[in-house]
Structures are given as structure tokens and as C-alpha cells.
Amino acid sequence: MDLHHPPQLGVPLFLDFLVIYFLTVSGNGLIILTVLVDIQLHCLMYFLSHLSFLNMTISSAVVPKMLAGFLLDSRVISFRGCVIQLFSFHFLGCTECLLYILIAYDCFLAICKPLYYATIMTYNICTYVAFDIWLGGTLHSLFQTSFIFQLPFCGPNRVDYFVCDIPVMLHLVWADTTINEMVTFVDIGFLPLTCFVLILTSYGYIVASLRLCSADGCRNAFSTCAAHLTVVIVYYVPCTFIYLWLGQEPLGGVVAIFYTVITPLLIPIIYTLHNKEMKATLGRLGGCEDFQPH
């Protein structure tokens, strides 16, 4: 495994990615702690705690091995380790894709159907739907992992990439991979694309309903939607690019770093800055009892 870089940049890259990883774990961990402390935060915050956990784990599945490569020049991973990393990568990524749809639907209900929100999005229903999303991510990743690793791997064993992922693993297979590439294109490439279209449809209904809102209501709705759409774009667009253009590894590596390393860092910042409830709870955790978010 390798992430191409000049040898003299090993230590600076190690320090940069170490800081990013520390901030990612700290920021997302703080959101989880906030939701656990304040049980009165509504269902959206419950989903954001799941999203924060996904951000921490998907970053942890990639960054530590990358850091070892920068500092120790350790670029070797066992076959079993590669299987585990690929499964974890797609399990967490698929679960996050599905979770964004649920967050969009939560926003749709909160803005377009506020009188029904408390009845529909109860804690039990939120828990049940969250479980289904995690189960869906597990089944999807099991299928993809078993489908790729039942192929014969012989000869060159160099993964010219920073993570064991399906597009580059197919290049190590000594067999016809046409069916696998087609399945990857349809299943993984169009999964984020379909999720993205569903999310845009949800926000289309939200924008249409804003004509009936007050000025303050429109501002609050726009702030919430803008935060979510920003996160969705920086996650789905790179993900779709990588799996719909399987042959673009050099450029795909840069794009993959963005959504596996940078996006998990940006998400807690974006959501926290645009959510008054979260800022108020963070203020109370910091000892500011009279904290009033603006």
C-alpha cells in the first residue's frame, strides 16, 4: 500500500494528518458526548451522533495505517488485514450514505410537517430506523467483500493506493473482472448517486414549502438545510466520482483522501455552527449556563 509522496515530506505529512485525525476524533466525540448528556435534543441530533461515530470510525480505518506509512515507511498490510479494511471501509461508507437520507427526511418532517413530527419521529422509531441503516450497511459490505475476495489473487501484490478498495483490488486479480466492475459500477457507483437524488428531492419539497414560512422560520430552515447540503455535496460527489470512474486511481486517491480524511473533520464544524441546540448544549457543557447562541 502506498500514498505517493517525496521522502522528505514524510514527517510534515505525518504531523499534518495526525493533527487532522486528532481534531476529527475530538470534534465528533464531542458531538456524541453532547447528545448523550442532553437527552432532550430531538431526533436529528440522535442521527448526528450516529454520523459522528461513523466519521470517527471511517477515519480510524484509514488514517492510522497512512500515518505509519509516512513516519515508519510501513507500507505492508496482510491479506486478512486488507479484507478487514475493505469490509470496514464499505460498511461504514454505505451506512453513512443511507444515514444522510434519514437526516434529510427528518429535516423534511421538521419543516414541512411540524405538527406530525413528534408523533412520527419518536425515540423508538429513530432507534429502529438507525438499526436498519446499520444492518443495510453490513449486508451491503458483506456482499461486496465476498464478491471481490472469491476471485484469484496471484502475481503482483502491490496496492498502488492508500487503502484496500475495490477498484484497485480488481487490478490484482488474475481473471476476467468485467462482471465485478459492472457490479461495482451499478451497486456502489449508483448507490451514492441515488441517495443524492433522493436527498435533493427531499430538499426540493422543503424549498417549495418555505414560501409559507415567516422570515425567521425561513432563515432557520435555510441554515439547517444549507449545513446538511454542504456536507452531502462534499461527501457524495467525491464518492460517486471514484466508483463511476474506476480507472482514475491517481486522481481518485486525492479525491478519496478528501472524503475519508477531510470530510469527517468538516462535518462536526458545519453542523455545530448551524445548530442552535447543539451550540447551547456545548455552552452548558463548557460551564456557560447563560450561554445564548445566535
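Every value quoted in this text rests on a predicted model; they were computed, and no experiment measured them. (Residues numbered from 1 in each chain as written. Predicted model: local features only at pLDDT ≥ 70, side-chain atom pairs only at ≥ 80, totals over all residues. Heavy atoms only, no water.)

**Digging into helix α3 (residues 63-71)**
The criterion, for reference: Type-normalised accessible area, obtained with a 1.4 Å probe on protein chains alone, sets the label of each residue: buried when under 20%, exposed when over 50%, and partly exposed for intermediate values. Strands are runs of DSSP state E lasting at least two residues, helices are runs of H or I lasting at least four, and both sets are numbered from the N terminus onward. Here the arc refers to the directions that run from the helix axis out to each C-beta atom.
All buried positions along α3 are accounted for by Val 63, Met 66, Leu 67, Gly 69 and Phe 70. Buried residues of α3, viewed axially, fall in a sector of 160 degrees; they line one side.

**Details of the confidence of the model for the protein**
Spelled out, the test is: Every residue is assigned a pLDDT by the predictor, reflecting its confidence on a scale from 0 to 100. The contact criterion used is simple: two residues touch if any of their non-hydrogen atoms lie within 4.5 Å.
Looking at the protein as a whole, its pLDDT mean stands at 78, while 77% of the residues score no less than 70. Mean pLDDT in the protein bottoms out at helix α11 (residues 276-285), which sits at 64, and peaks at helix α6 (residues 123-149), which reaches 89. Counted against residues more than four places away or in other chains, residues 290-294, with its pLDDT under 50, gives eight contacts.

**With respect to the packing of helix α4 (residues 79-112) against α6**
We apply this condition: To get an axis, fit a line to the C-alpha atoms, keeping to the stretch in contact for a helix; angles then go from 0 to 180 degrees between the N-to-C directions. Left-handed is the label given to a crossing in which the near helix is rotated counterclockwise from the far helix by less than a right angle, and right-handed is the label when the rotation is clockwise. Any residue outside Ala, Val, Leu, Ile, Met, Phe, Trp, Tyr, Cys, Pro, Asp, Glu, Lys and Arg is labelled polar, Gly included; the first ten of those are nonpolar and the last four are charged.
Viewed as axis vectors pointing N to C, α4 and α6 meet at an angle of 145 degrees, and their least axial separation amounts to 8 Å. In this structure, α4 meets α6 at a crossing whose hand is right-handed. Of the residues that constitute the contact of α4 with α6, the class distribution is 17 nonpolar, eight polar and no charged.

**Quick word on the packing of helix α1 (residues 10-37) against α3**
Formally: Note that the term roughly parallel is reserved for angles under 35 degrees, roughly antiparallel for angles over 145, roughly perpendicular for angles of 65 to 115, and oblique for everything else.
Here α1 crosses α3 at 160 degrees, and the two axes come no closer than 8 Å. As judged from the angle between their axes, α1 and α3 are roughly antiparallel. Like other packed secondary-structure pairs, α1 and α3 cross with a definite hand, here left-handed. Residues Gly 10, Val 11, Leu 13, Phe 14, Phe 17, Leu 18 and Tyr 21 of α1 touch α3, and the partners they reach there are Val 63, Pro 64, Met 66, Leu 67, Phe 70 and Leu 71. When its residues are assigned to classes, the contact of α1 with α3 shows twelve nonpolar, one polar and no charged.

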